[in-house]
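# Secondary and tertiary structure notes
Here is how the chains run, residue by residue.
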Amino acid sequence: MWRETLLHEKQAELNNSSTRAHRDPMDPIAKYISQKISKTRWRPISAALLQQPEVFAAGSWDNENNRVSIWSVGDHGASNTDGEFDEEPQLLCDSLHDGDVMDLQFLDQERLVSASSSGAVTIFKLQPDCQALSLAHVWDRAHGYSCDPAPCTAVVCRSPELVSVGEDGRVVLYKADQTEVVRVIEHADSSTIHAVTFLRTTEVLTVNSIGQLKMWDFRQQSDSPAQILSLTGDRVPLHCVDKHPNQQHIVATGGQDGMLCIWDVRQGNTPFSLIEAHSAEMWEVHFHPSNPNHLFTCSEDGSLLHWETTSGSDMSTLLQRGWNSRVVSHSAVPLAGEDDSVVSAWLAGDSSRNRLEATHMLPSQTLSVNSLDVLEQCLVCGTDGEAVYVHRQLPV
């Protein structure tokens, strides 16, 4: 009963917040959509056009009938009673999804890939006008055991290739225009693989349930990882991973203990920095794709955090914006032959020059924030409170 009461209260709050006049542009736009949201992803935008993203995909979980849905934000041609444009996300189309949506990734502007708790990997075709979503191809038993299916936990795309990982410890490589699987690393892991990201064209990095990062090079015939990194001490499960968009040796992970870990895969096999970010499981971490001094995390504790590495000269400006200092990173020494000026701020945490700042992005804590995605000045996240939140003017 408490959950239903909370959801009704949240719906009333969202309805009120989405229709109030003179919205603060820094406030998120909220939409109650009557489904627990497991994943949210922006549709890619054309690099040639100076525009903000307007279309995003959402996937549901733990519902009687799960769905993949396509939404639009922005000016829909209709204004509210105060003459302001209604920015509330509008449903464009959706499709039933077999099993929980474990992950969603856009392959390109017209194709969307999902990972399912049924073990399937599915490519959906999105019409150019975004008014219809159809099934393009399904790999039904991409992940499974000898007799039973196993959840496909994550996918990553770099068109035309895509890679999936699962609870069965498999790493599977596909090409979107081929019906047959390209390669399977059958026993990549003896534990559940929770997330995967491309490092380079032929290399991916996975994280697992015993605190390990494993690097896989598809040019190698061997089914052994090219490199293994791990957390020291307790083997805390890692749930998410993202690569710095410009410097592929820098990786961020988050796990069951809510810690944000920054890694330099060139040096050592342990994290460069450990940051107390959340009080419960961290579900996703994302560098901003074009301004990677900004990073975003979300958690089971109901929070969405925006992290920024800052120089001392930026500190007063950030404090005026209401940011709170959470941690000072460890200091780093540039590699031999490497100019200090090109060392990423994430690896140059001398307290006299650089600090790591964090701020809460949601007006109040909600149920678990399961997913986030960021593109240009826009961020979208989905929650177990059956709501999505959209920021259209990030301070990046």
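It should be noted that the structure appears before, not after, this text.
Attention here is on the structure that accompanies the text. Quick caveat, the model's predicted, so the values are computed rather than measured.

From N to C terminus, the protein chain includes 2 helices and 29 strands. A burial count over the protein chain gives 55% of its 396 residues as buried. Summing over all exposed atoms, the protein chain offers an accessible surface of approximately 17100 Å²; the carbon and sulfur share of this is 46%.

Here the focus is unusual backbone geometry. Geometrically, the link from S159 to P160 is a cis peptide bond, its omega value of 5 degrees lying close to zero. Not every positive phi belongs to a glycine, and C130 is a case in point at roughly 65 degrees.

Pairing within the open sheet is antiparallel, and its 4 strands lie in the order β10-β11-β12-β13. One side of each edge strand has no neighbouring strand; the edge strands of this open sheet are β10 (152–158) and β13 (183–185). Neighbour to neighbour, the strand axes of the sheet diverge by 15 degrees on average, direction disregarded. Two elements, β10 and strand β11 (residues 161–166), share 6 bridges in a ladder whose sense is antiparallel. Bridging across to β11, R158 finds its partner in E161.

One pass over the full model with this rule turns up 0 disulfides. The structure places no disulfide on C261, whose sulfur is separated from the nearest cysteine sulfur, that of C240, by 9.4 Å.

What follows is about the pairing of strand β27 (residues 369–375). Counting buried residues along β27, 7 of its 7 residues qualify, which places the element largely inside the surrounding structure. If you look at the hairpin formed by β27 and strand β28 (residues 378–383), you'll find 2 residues sitting between the two strands, and E376 has a positive phi there, around 55 degrees.

Attention shifts here to the packing of aromatic side chains. Taken as a whole and assessed by the stated rule, the structure comprises 4 aromatic pairs. Both rings, one in W42 and one in F56, keep their centres 5.7 Å apart while their planes meet at 80 degrees; by these two values the pair is edge-to-face. Of the two residues, W42 is situated in strand β2 (residues 37–42) and F56 in strand β3 (residues 55–60); the sequence distance between them amounts to 14 residues. Exposure class is identical for W42 and F56. Each is buried. Here F287 and W346 contribute two aromatic rings whose centre-to-centre distance is 5.8 Å and whose plane-to-plane angle is 85 degrees, an arrangement assigned as edge-to-face. Remark: W346 occurs in the loop between β25 (324–327) and β26 (354–360) and F287 occurs in strand β22 (residues 282–287); sequence separation between them is 59 residues.

A few words now on the nonpolar core. Among the nonpolar cores identified, the biggest contains 18 residues, and A252, L260, I262, V285, L295, W307 and W346 are the most heavily contacted of them. Elements that contribute at least two residues to this core include exactly β19 (250–255), β20 (259–264), β22, β24 (304–311) and β26. With 3 residues, β22 is the largest single contributor of residues to this core. Those residues in contact with L295 that sit more than four places away from it in its chain are A252, L260, V285, H286, F287, L305, H306, W307 and W346.

Attention now moves to the environment of Q247. Turning to its location among the elements, Q247 is positioned in the loop between β18 (238–243) and β19. Considering only alpha carbons, one finds Q247 and L199, 48 residues apart in sequence, at a separation of 9.2 Å.

Turning our attention to the side chain of N370. Among the structural elements, N370 can be located in strand β27. Classification of N370 as buried rests on a relative accessible area of 9%. Of note is the side chain of N370, whose polar atom sits 2.9 Å from the backbone oxygen of I37. Separated by 2.7 Å, the side chains of N370 and S368 make a polar contact. When near neighbours in sequence (up to four residues on either side) are disregarded, N370 contacts I37, S38, K39, W61, W283, E284, C298, G382, T383 and D384.

A pair can form between side chains of opposite charge whenever their charged atoms are brought close. A full pass over the atoms with the stated rule returns 17 salt bridges. With its nearest N and O atoms 2.7 Å apart, the salt bridge here joins R111 to D108. We classify R111 as partly exposed; its relative accessible area is 22%. D108 gets classed as partly exposed once you look at its relative accessible area, which sits at 23%. Between R219 and E203 there is a salt bridge, and its shortest N-O distance comes to 3.5 Å. With a gap of 16 residues between them, R219 in the loop between β16 (212–217) and β17 (227–230) and E203 in strand β15 (residues 203–208) connect regions that are remote in the sequence.

Quick notes on the rules
Residues numbered from 1 in each chain as written. Predicted model: local features only at pLDDT ≥ 70, side-chain atom pairs only at ≥ 80, totals over all residues. Heavy atoms only, no water. Helix = DSSP H or I, 4+ residues; strand = E, 2+ residues; numbered from the N terminus. Buried < 20%, exposed > 50% of the residue type's maximum accessible area, 1.4 Å probe, protein only. Areas by Shrake-Rupley, 256 points an atom, 1.4 Å probe, with all protein chains shown as cover. Pairing = 2+ DSSP bridges. Axes fitted to C-alpha atoms, helices over the stretch in contact; angles between N-to-C directions. Disulfide = S-S within 2.5 Å. Phe/Tyr/Trp six-rings, centres within 6.5 Å; stacked < 30°, edge-to-face > 60°. Core = buried A, V, L, I, M, F, W, Y, C linked by side-chain atoms within 4.5 Å. Contact = heavy atoms within 4.5 Å. Polar contact = N/O pair within 3.5 Å; in protein donor to acceptor, adjacent residues only side chain to side chain. Salt bridge = Lys/Arg side-chain N within 4 Å of Asp/Glu carboxyl O.

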